[in-house]
Every structure is written in C-alpha cells, then in structure tokens.
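One letter stands for each residue in the lines below.
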Amino acid sequence: MAGRNDPYGTNRDIRDDFRAEIREFLGTRRAKVTPEQAGLPTYGGERRRVTGLRREEVALLAGISSEYYTRLERGNATGVSESVIEGIAQALQLDEAERIHLLRLLRGAGTTRPPRRRPVQQRVRPAVQRVLDSMTGTPAFVLSGRGDILADNHLGRALFSPVYADPARPPNNARFVFLDPRATEFFREWDKVAGDTVAMLRAEAGREPYDRRLMDLIGELSTRSEEFRHRWAAHNVRIHTTGVKLLHHPVVGDLDLPFETFPLGDGSGQFLLTYTAEPTSPSQDALTLLASWAANGDAERSAPADDSEQDT
C-alpha cells in the first residue's frame, strides 16, 4: 500500500500502489481456485502453466471479456461497475472480507491524491474505560485496527501479561506474535493466530492506506520477521470477529476462551475484545485463579508500567 517506496505517498502518483495491490491480490485469488472448484471442464492431456484459474477463465465466469479482465487485474480500475465487481467476486469465490478489500482497492485506484485525514484516534473515551472496569469477571480490551492494546481491565492485563512484558507502549498484538519468542508458547495454535493477524493487518491496510503508524508497523515486521514477510505476500484478508482462542498462560496453564469483538462505532477504528469461559469448565477455574492473581497485584508487577505519554 502506501508503504512501498514512499511510505506516506507524497512524491508520486498514489494510484500506482493501489494498482500493484489489485494486481497482486487478484493474482493470488486466482491461484487459489482450481478449474474443478469453479465448475470448469478440464481435459486429461491439458498442461496448465498457472496454478489455479487463468485470466480468461475468470473473465468467462464473470461474464466479461478477457481483455477487460486483464486490464482490470493490471490495475486499470476506472469506471468499474458493481455488476462487474460482483461477477469477479463470484468467479474468484471471494468471501465478505475479500470483497470489501477488493472494493477498497478499486476505489483507491481511482484516487488522485491522499485524502485529508485526522490522526487515527489512539485515546479511549473515559466511558469506555468504565465499561471495561465493570467487567470484573471477563478479560476485556480495546484495540486499534493495527492491533495496539489501547485499554484493558485488570483481568485482561493478567491474561495477556506476556504481551505486556514488552516495554514498548502501547502493547501490540502483531509485534508480540511475530517478534516475541514467548508467543509460540502463549498461543497454542500459533500458526493460526499468525495467519489471522496478518490477514487482519492486510484488511486494515485496505481500510486505512494512509495510516503512518500502520505502515510503520508493517515495515518493521517485514524487516524483522521472515515469517511475516512470507505471510504478507499471500495477500490474505480476514475480518475476525468471533472464535475460540487457545492460550497457555505462564501462571494458570491452558485456557480455551471464546472471544467476541464489537466495533465501538465512533469512527476511530477501535473495537472491544472480550474473552469468556464455559461455566464450570477448567478454563473458568483457571480464569478464577487468574483473577485472584491479578487482585494480589502480581499481574501489575509482572509488566512494565504504562508510559502516560503514549506513542501516538
């Protein structure tokens, strides 16, 4: 996105970034769909030079000419109709997150200059913090779209104490996942968490392509983590709002915690993340023990104090 050669898009036509993203995104989506999955005939002696669908096959499925689709995949997105976009989305079997991402890229390819944007809000409203504090039996956080933990409650800080062990503020989930060796032990399904984390960052980059903090984070992770670079190149996008997180806490052991996310709806891109445990389950017992540990102040002592001047 805006972080390729000129991170803030000040010295060149910014549409070039979007065109490159369109080309790479559609190319990776084509590679994931086989002719058999698309319902196209294949012939025994046919030798295919590409993985997945050819451009002309996507065009056939989308009901457009091969020449038109080729121009579109190369980033010439001027005047693309909704029906064409819908046809391509169906041909490539895009899910909702991928459709939204493609729409954002196509919209950006028609932009002539970066929009004027206020800095992304990093502060959490006092009323939201009071909501967090009232959730005494539920680990809860407010996160930014790039994975910064902007606010928490006592049980949330206790649960994510390994993340808070990094002195950088605000703590960042993506940085922890890819740069902290403790992450592979803390997340029992680290490979899945890593894939989800990159996919959410890719979706956020489509939503906020001019967010300097986001581009800086992507640049840092790309420089320092080969695993991140490999996953980033796959162009997967995901909107992950619910599921079950399998954790191994250094104090209370394994926890299987369903989670839910709720957008705050104030245009800041922030969202509320909560974890719960099944009643009477071992995970609930572990959460109760963790709450006792947090009440004794052990969680606070295990993590560096927050800097009152957050990096914004």
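Residues numbered from 1 in each chain as written. Predicted model: local features only at pLDDT ≥ 70, side-chain atom pairs only at ≥ 80, totals over all residues. Heavy atoms only, no water.

Details of the pairing of strand E3 (residues 242-249)
Part 1: In the sheet, E3 pairs with strand E4 (residues 253-263) via eight bridges, with the strands oriented antiparallel. Bridge pairing links His249 to Gly253 in E4.
Part 2: Two successive antiparallel strands, E3 and E4, enclose a turn made up of three residues. (Pairing = 2+ DSSP bridges. Helix = DSSP H or I, 4+ residues; strand = E, 2+ residues; numbered from the N terminus.)

Describing the nonpolar core
Part 1: If you look at the biggest cluster of nonpolar residues, it comprises 42 residues, and the most contacted ones within it are Phe160 and Phe187.
Part 2: Top element by residues in this core is helix H12 (residues 190-207). It accounts for six residues.
Part 3: Contact partners of Phe187, with chain neighbours within four places excluded, come to Phe176, Val177, Val193, Lys245, Leu246 and Leu247.
Part 4: Among the nonpolar cores identified, the runner-up in size contains 30 residues, and Val33, Leu53, Ile88 and Val237 belong to it. (Core = buried A, V, L, I, M, F, W, Y, C linked by side-chain atoms within 4.5 Å. Buried < 20%, exposed > 50% of the residue type's maximum accessible area, 1.4 Å probe, protein only. Contact = heavy atoms within 4.5 Å.)

Re the packing of aromatic side chains
Part 1: On inspection of all chains with the given rule, the structure shows 12 aromatic pairs.
Part 2: Taking 6.0 Å as the distance between ring centres and 75° as the angle between the ring planes, the aromatic pair formed by Phe178 and Trp190 counts as edge-to-face. Taken together, the residues span a long stretch of sequence, with Phe178 in helix H10 (residues 173-179) and Trp190 in helix H12 at a distance of 12 residues.
Part 3: Judged by relative accessible area, Phe178 falls into the buried class, the value being 10%.
Part 4: Consider the rings of Phe259 and Tyr275, whose centres lie 6.1 Å apart with planes at 55°: the pair is tilted. Of this pair, Phe259 sits in strand E4 while Tyr275 sits in strand E5 (residues 271-275), and the two are 16 residues apart along the sequence.
Part 5: Among the residues examined, Phe259 registers a relative accessible area of 4% and is labelled buried.
Part 6: Ring pairs connect the aromatic residues Phe141, Phe160, Phe176, Phe186, Phe187, Phe259 and Tyr275, which therefore count as one cluster. (Phe/Tyr/Trp six-rings, centres within 6.5 Å; stacked < 30°, edge-to-face > 60°.)

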